[in-house]
Amino acid sequence: MKCGIVGLPNVGKSTLFNCLSNAKAQSANYPFCTIEPNIGTVSVPDERLFELEKLVKPERVLPAVVEIVDIAGLVKGASKGEGLGNKFLANIRECEAIIHVLRCFENGNIVHVEGSVDPMRDKDIIDIELQLKDIETLTKAVEKAKKFIKSGKKDDVMTYETLLNLQKFVEEGNNAREFPKDDFAESIISDVQLLTNKPVLYVCNVDENSIKNGNEWIAKIEEMAAKENAEVVVLAAQIEADINELETFEEREMFLEELGLKEPGVNRLIRKAYDLLKLQTYFTAGVKEVRAWTIGRGWTAPQAAGVIHTDFEKGFIRAEVIKYEDFIKFGSEAKVKEAGKLAVEGKEYIVQDGDMMNFRFNV
Ligand SMILES: Nc1nc2c(ncn2[C@@H]2O[C@H](COP(=O)(O)OP(=O)(O)OP(=O)(O)O)[C@@H](O)[C@H]2O)c(=O)[nH]1
Ligand SMILES: [Mg+2]
């Protein structure tokens, strides 16, 4: 499950990527600095791990992770192969969600490929390129579906009509994610792998002043995103990068405080990206290790166990589950048991965010 960073060239995508992950991408003041995508593993900040650490005192604590990909900048004509567009679009297709970076900072020294700062226009440029690519994909899918309607089967006719309606919808300048869909349409459309059907969140990359005071662009982008039911994260990538360079925790805290921030903006971004990917966390806690594991929402206990080891999934017998809140309240596994709050669950159990799991299995 990967989240791709998308936007025009030179808007701060690699700068942001470098604050997020420990992988280092090249970032420089010229368009198309990034060609090959940079892939990084990002730790998901989670307060609950600190609380568990205090109680369990393990040798080590491992956070949940999510993969982020820094993709090359897109330009007008990308869907027609402009600026290696087809290759970059393929990189986006491999991601399950999109972080769309919008340049909202003025700085005459940083080249803007469109010659001026205007994030609403920039957003449209990217949207249009992704839509054009989707129209191409949909045209092929519609042609294919048309061959099947001769069968007269209701599902085949509905598939054709759904794809045709969606094609019209995207041709009118809309993103597929906003197409009203029932479960049937949802499953048809997810098979087609469209770029504009991927969930998106917007990042306003601002300057130092605008973190505290906002700016004209942020308001417009928030209004636009609200209509799309999408989230916005406002942060200053360059400043966050500077904060990252600081040696000590105290120095970083001081810097953040001066900016009026409780935590780096990228932490908010990571949590939102985690949400966007429909991921959730369960914990395992022992004296050796307290660890957060990443799973999808709606996963069963054996599926969740499989993230640790495939043997756990294959040989799954049962899971002992403690709710995080109960563990914090009672302070230890033994006390939770005494209180009768340890549940024994079978194969059908749907794991909930924050569950503390202990798997029983045989190999
Ligand atoms: N002033 C200012 N400069 C920034 C900010 N974010 C990025 N930059 C600068 O903008 C330039 C481009 O940043 P990159 O992160 O390389 O941009 P990119 O979007 O990855 O660009 P491509 O890989 O070419 O598409 C660099 O010189 C950064 O230092 C910011 O928030 N404020
Ligand atoms: Mg880059």
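Because the structure is predicted, anything quoted here is derived from the model rather than measured.

By the definition in use, this model includes 17 salt bridges. Aspartate 353 is the partner of arginine 48 in a salt bridge, and the nearest nitrogen-oxygen pair spans 3.1 Å. Here the residue arginine 48 occupies a position in helix α2 (residues 47–56), and aspartate 353 occupies one in the loop between β11 (343–345) and β12 (355–361), the gap between them amounting to 305 residues. Among the salt bridges present, the one from lysine 314 reaches aspartate 311, with a minimum N-O distance of 4.0 Å. You can see lysine 314 and its partner aspartate 311 sitting in helix α13 (residues 310–314), 3 residues apart, about one turn around the helix. Here aspartate 311 falls in the partly exposed class, since its relative accessible area comes to 28%. Shared partners join several salt bridges into a network, and the residues in it are Asp46, Arg48 and Asp353.

What follows deals with the coordination of the magnesium ion (ligand 2). Donor atoms from the polypeptide that coordinate the magnesium ion (ligand 2) comprise Ser14 (OG) and Thr34 (OG1), at 2.0 to 2.1 Å from the metal. With serine 14 in helix α1 (residues 13–20) and threonine 34 in the loop between α1 and β2 (38–43), this pair connects stretches of sequence that are 20 residues apart. In this structure, serine 14 and threonine 34 share a single accessibility class: buried.

The rules behind the values
Residues numbered from 1 in each chain as written. Chains lettered and ligands numbered in written order. Predicted model: local features only at pLDDT ≥ 70, side-chain atom pairs only at ≥ 80, totals over all residues. Heavy atoms only, no water. Salt bridge = Lys/Arg side-chain N within 4 Å of Asp/Glu carboxyl O. Helix = DSSP H or I, 4+ residues; strand = E, 2+ residues; numbered from the N terminus. Buried < 20%, exposed > 50% of the residue type's maximum accessible area, 1.4 Å probe, protein only. Donors = N, O, S within 2.8 Å, 3.2 Å for Na, K, Ca; no water.

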